[in-house]
Amino acid sequence: VWLPRLAGLLEGLALLAQRLPQRPTLPAQVAASVLAAIRAALAVVPDAADSLSVAASLHVARLTLGIYLHLAAPLQHAGGSSRSQAKRPHASLAEVEDVLLHVAGLQARCALCLLRAPGARGRSPQSAAAASELLGSAYGALSAMFGAVPQEGARLPPWTRKPHVVLEVFKALLEGVYDSRSGAEAARVASSVARLWEAYAQGGTRLVAQSAGRAGKATYQAKIQRATKGFVIMLIAHALDQQRRWAGIEAAVKRSLTRLEPDRRGGARNGETQSWKEVVGVLQTGMVPLLSCLDGSDHLKQSLYASLREPLSTMFKEMHEGYQKRSKYSGEA
């Protein structure tokens, strides 16, 4: 009885949070009260995959995201580029970001549970739709955090100090690609993963040279690049492992078709094949920014290579050689 009412309340609060003006910013006491309410909601919303619990979880995520974007907005419009001119973050911003990361992780894992559910439940369109929304919500949280990286700041963003939490969300999203019910959905999630990989490798979504961190530049995003590059090898290792576990395009197409009515399978085969081929291409291209982080860092390449077992070590060697051939200027006319 209480969960539908709570879901309705959370939906209304989420709408209000999404419409908050950039100025004035919520006072610290008000933001702290809202954050306490969000944590209380998380404590009582069931960690389940039924439709009502998923809806409530999505409302909590939208509420948290709305508050986060509101509190982070002043940093995006702070003038000047020197440290003395950098605007101080809101007192509650780091805590809200922590909750946002926590919710993203919960949602990504819940999506995987839905996609991997056995029997009729695992094949139901409702489960597929819910998983899609949850993965989209988790992507939105990470995208917002990377997009909120300011031009300058005295301290690095809080998410840089929680690399393993961020990486767990990354990993769940990538696994969601391979577990997707259709090639079209897999391609959509793959595109999201590729965009997040690039943002993580660049230290944010601002257009800066990815070599800034390697060149020792003192810009804010270059500092973030240096802080996170050591964890990129974990993303590469996980991507290789998922690629190895995947049965391939034909098996993915067959699995997607079995979820359709028999009379629709013939007409859908070509589309599914093209979509899954697109997935492979998107992920291969998306790996380029991650591999770029290894340029000039032989110790990272050696650490990754030494940590991989066959056939992953050979897969990495071939992938990196292919990257070097495609991305490096050969000097030929």
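Let us look at the structure shown here. Just so it is clear, the structure is predicted and the values come from calculations on it, not from any experiment.

**Quick word on the overall build of the chain**
And then number 1: Each helix and strand counted, the chain has 13 helices and 0 strands in total.
And then number 2: Of the regular secondary structure in the chain, the N- to C-terminal order runs α-α-α-α-α-α-α-α-α-α-α-α-α.
And then number 3: For the chain, whose C-alpha radius of gyration is 21 Å, the value lies close to the compact-globule estimate of 20 Å for 333 residues.
And then number 4: For the chain, with 333 residues in total, the buried portion stands at 50%.
And then number 5: Sequence separation of at least 24 residues holds for 77% of the intrachain contacts in the chain that already meet a minimum separation of 6.
And then number 6: If you sum the accessible surface of the chain, you get close to 16500 Å²; carbon and sulfur atoms cover 55% of it.
And then number 7: For the chain, the distance from the average site of its 40 positive side-chain charges to the average site of its 25 negative ones is 5 Å.

**Some remarks on the nonpolar core**
And then number 1: Counting 102 residues, the largest nonpolar core has F146, W159, V177, W197, Y200 and I236 as the members making the most contacts within it.
And then number 2: For this core, the element with the most residues is helix α4 (residues 93-115), which contributes 13 residues.
And then number 3: The contact partners of W159, leaving out residues within four places of it in the chain, are E97, L101, M145, F146, V149, V166, Y200, I224 and T228.

**Points about helix α8 (residues 183-202)**
And then number 1: In a regular helix each residue adds 1.5 Å, so 20 residues correspond to 28 Å; α8 covers 28 Å between its end C-alpha atoms and thus fits that length.
And then number 2: Phi turns positive, to about 80°, at G203, one or two residues after α8.

**Some details on the state of the cysteines**
And then number 1: All chains considered together, the criterion is met by 0 disulfides.
And then number 2: There is no disulfide at C110, and the cysteine sulfur nearest it, in C113, is 6.2 Å away.

**A look at unusual backbone geometry**
And then number 1: Cis geometry is found at the peptide bond from R23 to P24, where omega equals -5°.
And then number 2: The topology assignment puts P24 in the loop between α1 (2-18) and α2 (28-44).
And then number 3: Going from E310 to P311, the amide bond is cis rather than trans, its omega being 5°.
And then number 4: Of note, P311 is situated in the loop between α12 (298-307) and α13 (312-327).

**Concerning α13**
And then number 1: Between its first and last C-alpha, α13 extends 22 Å over 16 residues, near the 22 Å set by a 1.5 Å rise per residue.
And then number 2: Along α13, the residues that are buried comprise L312, S313, M315, F316, M319, H320, G322 and Y323.
And then number 3: Where α13 is buried, its residues meet α9 (220-245), α11 (262-292) and α12.

**Concerning the pattern of salt bridges**
And then number 1: Counted under the stated rule, the structure contains 9 salt bridges.
And then number 2: Among the salt bridges present, the one from R62 reaches E133, with a minimum N-O distance of 3.7 Å. Here R62 is found in helix α3 (residues 51-76), whereas its partner E133 is found in helix α6 (residues 125-147), with 71 residues between them in sequence.
And then number 3: For R188, the salt bridge identified is with E185, shortest N-O distance 2.7 Å. Note that R188 and E185 are positioned in helix α8 at a spacing of 3 residues, about one turn of the helix.
And then number 4: Salt bridges sharing common partners tie together R116, E175 and D179.

**Observations regarding the packing of aromatic side chains**
And then number 1: This structure, assessed with the given rule, holds 7 aromatic pairs.
And then number 2: Here the aromatic rings of F146 and F170 are separated by 6.2 Å at their centres, their planes lie at 20°, and the arrangement is stacked. Taken together, the residues F146 in helix α6 and F170 in helix α7 (residues 163-178) connect sequence positions 24 residues apart. F170 carries the same exposure label as F146, and that label is buried.
And then number 3: The structure contains a cluster of three or more aromatic residues connected by ring pairs, namely F146, W159, F170 and Y200.

**Re the packing of α9 against α13**
And then number 1: Where α9 contacts α13, the two axes come as close as 10 Å, and the packing angle between them is 110°. Taken together, the axes of α9 and α13 lie roughly perpendicular to each other. Crossing handedness for the pair α9 and α13: right-handed. Of the residues in α13, those touching α9 at I236, L240, D241, Q243 and R244 are L312, M315, F316 and M319.

**As for the side chain of R181**
And then number 1: Secondary-structure assignment places R181 in the loop between α7 and α8.
And then number 2: Among the polar contacts made by the side chain of R181, one reaches the main-chain carbonyl oxygen of L114 at a distance of 2.8 Å.

**Details of the packing of α7 against α9**
And then number 1: Their axes nearest at 10 Å, the elements α7 and α9 cross at an angle of 20°. Compared by their axis directions, α7 and α9 come out roughly parallel. With respect to the hand of their crossing, α7 and α9 are arranged in right-handed fashion. Contact with α7, carried on its side by P163, H164, L167, F170, K171, L174, E175 and Y178, involves F231, M234, L235, H238, A239, Q242 and Q243 of α9 and no other residues of that element.

Reading guide: rules and limits
Residues numbered from 1 in each chain as written. Predicted model: local features only at pLDDT ≥ 70, side-chain atom pairs only at ≥ 80, totals over all residues. Heavy atoms only, no water. Helix = DSSP H or I, 4+ residues; strand = E, 2+ residues; numbered from the N terminus. Rg over C-alpha atoms; globule rule 2.2 N^0.38 Å. Buried < 20%, exposed > 50% of the residue type's maximum accessible area, 1.4 Å probe, protein only. Contact = heavy atoms within 4.5 Å. Areas by Shrake-Rupley, 256 points an atom, 1.4 Å probe, with all protein chains shown as cover. Lys, Arg positive; Asp, Glu negative; His and termini not counted. Charge placed at Lys NZ, Arg CZ, Asp CG, Glu CD. Core = buried A, V, L, I, M, F, W, Y, C linked by side-chain atoms within 4.5 Å. Expected span 1.5 Å × (residues − 1). Disulfide = S-S within 2.5 Å. Salt bridge = Lys/Arg side-chain N within 4 Å of Asp/Glu carboxyl O. Phe/Tyr/Trp six-rings, centres within 6.5 Å; stacked < 30°, edge-to-face > 60°. Axes fitted to C-alpha atoms, helices over the stretch in contact; angles between N-to-C directions. Parallel < 35°, antiparallel > 145°, perpendicular 65-115°, else oblique. Left-handed = near helix turned anticlockwise from the far one by under 90°. Polar contact = N/O pair within 3.5 Å; in protein donor to acceptor, adjacent residues only side chain to side chain.

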